Amino acid sequence: MSFIVPCKNEEKVIANTISNCFQAEYPKEKIEVIAVNDGSTDRSGEIMKSMAQKHKNLTVIDWENNRGKKHAMAEGFRRARGEIVVQLDSDSFIDPATFRKIVEPFQNPKIGAVSAHTDPKNADRNFLTKMQAAYYFMSFRVLKAAESTFLTVFCCSGCASAYRKSIVLPVLDEWLEESFLGHPVPWGDDRALTSRILKAGYRTIYSNKVKAETIVPENLRQLAKQQIRWKKSWLVNAVYNARFIWKSHPFVAFTYFFPLVGVTYLSPIMAGRALFYLPIVKGVFPYYHVIGILLLAALFIAYYRFVAPENKYWIYFFPWALFNLFILSFLTIYALMRINDRGWGTR
Amino acid sequence: MNNLEAKTISGGFQQFSFRKVLFQLILIFFGFAFLFFITLIKARGTAGIAFEPFLFVYTIFVTAFQISRLIAAMFYENAYRGSVLAPRAYNGALPAKGKNIQKKNTNPL
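Bear in mind the structure is a predicted one, so any value in this text is a computation, not a measurement.

S.K.: Tell me about the side chain of Ser195 of chain A, and name the residues and values.
M.R.: Mapped onto the elements of the fold, Ser195 of chain A is located in helix H7 (residues 189–199). Apart from residues no more than four positions distant in its own chain, Ser195 of chain A is found in contact with Asn237, Tyr240, Asn241 and Phe244 of chain A.

S.K.: Break down the packing of helix H9 (residues 250–282) of chain A against helix H11 (residues 317–337) of chain A for me, with residues and values.
M.R.: Residues and elements named next belong to chain A. Axis separation between H9 and H11 bottoms out at 8 Å; the angle between their running directions is 130°. Overall, the two elements H9 and H11 adopt an arrangement that is oblique. For the element pair H9 and H11, the recorded crossing hand is left-handed. Residues Thr264, Ser267, Pro268, Ala271, Gly272, Leu275 and Phe276 of H9 pack against Leu325, Phe326, Ser329, Phe330, Thr332 and Ile333 of H11.

S.K.: Tell me about the pattern of salt bridges, and name the residues and values.
M.R.: Residues and elements named next belong to chain A. Counted according to the given criterion, the structure contains 17 salt bridges over all chains. With a shortest N-O distance of 2.8 Å, Lys69 and Asp89 are connected by a salt bridge. With Lys69 in helix H3 (residues 69–79) and Asp89 in the loop between strand E4 (84–88) and strand E5 (92–94), the pair connects residues that are 20 residues apart, well separated along the chain. Here Asp89 falls in the buried class, since its relative accessible area comes to 17%. Ionic contacts of the salt-bridge type, sharing partners, join the residues Glu75, Arg78, Arg79 and Asp173 into one network.

S.K.: Requested: an account of the pairing of strand E10 (residues 203–214) of chain A, with residues and values cited.
M.R.: Residues and elements named next belong to chain A. By the bridge criterion, three bridges tie E5 to E10 in an arrangement that is antiparallel. The residue of E10 that forms the bridge with Ser92 is Thr214. For strand E6 (residues 111–120) and E10, the ladder comprises nine bridges, and the chain directions are parallel. Bridge pairing links Ala116 to Ser207 in E10.

S.K.: Describe in detail a nonpolar patch on the surface, supporting the description with residues and values.
M.R.: A grouping of Phe276, Tyr277, Ile280 and Val281 of chain A is seen on the molecular surface, where their side chains present a nonpolar patch of about 420 Å² in accessible area. Mapped onto the fold, Tyr277 of chain A is located in helix H9.

S.K.: Kindly report on H11 of chain A, identifying the contributing residues and their values.
M.R.: Spacing of three or four residues puts side chains on the same side of an α-helix, whose turn is 3.6 residues. All names here are of chain A. Along its 21 residues, H11 runs 28 Å from first to last C-alpha, staying within 8% of the 30 Å computed at 1.5 Å per residue. Asn324 marks the point of greatest bend in H11, at about 50°. Among the residues making up H11, those that are buried are Phe317, Phe318, Trp320, Ala321, Phe323, Leu325, Leu328, Ser329, Leu331, Thr332 and Ala335.

S.K.: Give me the packing of aromatic side chains: which residues, what numbers.
M.R.: All names here are of chain A. Summed over all chains, the structure comprises 22 aromatic pairs over all chains. When the ring of Phe154 is compared with that of Tyr256, the centres are 6.2 Å apart and the planes differ by 25°; the resulting orientation is stacked. Placement of the pair is Phe154 in the loop between helix H5 (127–149) and strand E7 (160–164) and Tyr256 in helix H9, with a sequence separation of 102 residues. For Phe154, a relative accessible area of 4% corresponds to the buried category. Under the relative-accessibility criterion, Tyr256 is labelled buried at 3%. With a centroid separation of 5.7 Å and an interplanar angle of 65°, the aromatic rings of Tyr240 and Phe244 are classed as edge-to-face.

S.K.: Could you give an account of the interface of chain B and chain A, with specific residues and numbers?
M.R.: In this assembly, 37 residues from chain B lie in contact with 52 residues from chain A. Both sides of the chain B and chain A interface together cover about 4,100 Å² of buried area, and 74% of this is carbon and sulfur. Counting the surface chain B buries against chain A, the share from its top three residues, Tyr58, Arg69 and Tyr76 of chain B, is 16%. Counting the contacts that link chain B with chain A gives two salt bridges. One salt bridge in this structure joins Arg141 of chain A and Glu77 of chain B, with 3.7 Å as the shortest N-O distance. Inspection of the region where chain B meets chain A yields ten residue pairs in polar contact (both at pLDDT 80 or more).

S.K.: Explain helix H2 (residues 53–74) of chain B to me, using residue names and the numbers behind them.
M.R.: Residue and element names in this part refer to chain B. With 22 residues, H2 ought to run about 32 Å at 1.5 Å a step, and its terminal C-alpha atoms sit 32 Å apart, in line with that. All of the buried residues in H2 are Leu55, Tyr58, Val62, Phe65, Gln66, Arg69, Leu70, Ala72 and Ala73. For H2, the angular spread of the buried residues around the axis is 160°, confining them to a single face. Away from the buried face of H2 by more than 90 degrees, exposed residues Val57 and Ile60 are located.

S.K.: Describe the sheet that holds strand E3 (residues 58–63) of chain A, with residues and values.
M.R.: All names here are of chain A. Spatially, the eight strands line up as an open sheet ordered E3-E2-E1-E4-E7-E6-E10-E5, and their pairing is mixed. In the strand order of this sheet, the two ends are held by E3 and E5, each with one partner. Across the sheet, the mean angle from the axis of one strand to that of its neighbour is 30°, orientation sign disregarded. Across six bridges, the pairing between strand E1 (residues 2–7) and strand E2 (residues 32–38) is parallel. Following the sheet pairing, Val5 is matched in E2 by Ala35.

S.K.: Any details on the packing of H5 of chain A against H2 of chain B? Residues and values, ideally.
M.R.: For the pair H5 of chain A and H2 of chain B, interaxial distance at closest approach is 7 Å and the crossing angle is 70°. Between H5 of chain A and H2 of chain B, the angle falls in the class roughly perpendicular. Here H5 of chain A contributes Arg141, Val142, Leu143, Ala145, Ala146 and Thr149 of chain A to the contact with H2 of chain B, which in turn contributes Arg69, Leu70, Ala72 and Ala73 of chain B. Looking at the contact of H5 of chain A with H2 of chain B, its residues break down into seven nonpolar, one polar and two charged.

S.K.: Could you give an account of the environment of Phe251 of chain A, with specific residues and numbers?
M.R.: Residue and element names in this part refer to chain A. As for its position among the elements, Phe251 is in helix H9. Look at Phe251 and you get exposed, because its relative accessible area is 53%. Each C-alpha atom, one on Phe251 and one on Phe150, is 8.9 Å from the other, the two residues being 101 residues apart in sequence. Non-local contacts of Phe251, meaning those with residues more than four positions away in its chain, are made with Phe150 and Tyr256.

About the cut-offs
Residues numbered from 1 in each chain as written. Chains lettered and ligands numbered in written order. Predicted model: local features only at pLDDT ≥ 70, side-chain atom pairs only at ≥ 80, totals over all residues. Heavy atoms only, no water. Helix = DSSP H or I, 4+ residues; strand = E, 2+ residues; numbered from the N terminus. Contact = heavy atoms within 4.5 Å. Axes fitted to C-alpha atoms, helices over the stretch in contact; angles between N-to-C directions. Parallel < 35°, antiparallel > 145°, perpendicular 65-115°, else oblique. Left-handed = near helix turned anticlockwise from the far one by under 90°. Salt bridge = Lys/Arg side-chain N within 4 Å of Asp/Glu carboxyl O. Buried < 20%, exposed > 50% of the residue type's maximum accessible area, 1.4 Å probe, protein only. Pairing = 2+ DSSP bridges. Patch = residues over 30% accessible without salt bridge, like charges linked within 9 Å, V, L, I, M, F, W, Y side chains within 5 Å. Areas by Shrake-Rupley, 256 points an atom, 1.4 Å probe, with all protein chains shown as cover. Expected span 1.5 Å × (residues − 1). Bend = angle between axes of the 7 residues up to and from the residue. Phe/Tyr/Trp six-rings, centres within 6.5 Å; stacked < 30°, edge-to-face > 60°. Buried area = accessible area lost by both parts, 1.4 Å probe. Polar contact = N/O pair within 3.5 Å; in protein donor to acceptor, adjacent residues only side chain to side chain. Arc of directions from axis to C-beta. Nonpolar A, V, L, I, M, F, W, Y, C, P; charged D, E, K, R; others polar.

Just geometry here; none of it tells us what the structure is for.
Here it is as structure tokens:
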């Protein structure tokens, strides 16, 4: 069992992330952690090296110059000794008590990757983070769960996911060399890797039994940057997936993937039509459109409350639905227009 | 303060959760809103198709798709247990049944 923790300038959290890996409820001698310092300019590298003195199963790869998260992950995969490799973001944590559950599904030889359930660690920080807590829960427990019902999760989250190394190694170079419109793609590493596993004919699933936490953006600017990056990676990846998904997973392709692509591409156009064109040009206000979206949100919340009555963030899914309608849906157009800007745009 | 105490019929006490009541009120509100919405659609549905057919069809399509995801999510646990955690079939030769015969220093005949 190997953990890969790529890291750039995370001096505040990196020690906790590495310690968290060693706390996993799993035979200690079978845990290996590979931490990659990807050209940090803060004290991250120093902290990682000092931790390597405490933990003999910690390997630190220290790069002077930043090469990108993909390269850091690839290096980790090449060096990993375990067959199951858990990729953790440097600001993400897996609940040690639930860790064993991420390994369990690999009993099935067709399973190539498992995505953990991730919630925001800083959910209580402000209104925005509370909305994201509701969105994360819905995104994992409803959307990923729905994909997992068909054993075809399209994105095993980069926050915390496990991969079968023997499946990843043969596709590693293709994944590293991913390009779109002639330029390398620096973002969406998790989505791209999951696609390659699916293309190789393996199954990807989500496990709600493995609990992970991550730090989410705390202000609008950070959130917008993250969403634009995610939308770009989604757009690029949808093109890649469309080429093979109808052959390898025809049922999923026609019942899930292609409708999803259609809905996502059309949503900003339809939102613009309902919110601006019709009221301004035809004097018809979008009451039905907004009420319909809130009703749909209510339906999702009813399910949310059913599966997680203890989760206190459900109410924030209403404002998230409106936030998505009025702001995030239009970011899809912006992301499409800026698709050739390959900057990371991270926090 | 969110938690008050309310007496149950059996005489015991249960936690009174403001959030729980709020959730139930919201569900009731949305139940009524949903009925109202259906009435409106019935009243203006035909006109809507003629007036804005693309938006109308798109809305129905999206709603159906979103609900299908919700329904698929409901089967997640079964799919997980059935396809992932079920014991894998062994490819080699194993008998369908096994019998354990305990034996010590007995005459082989």
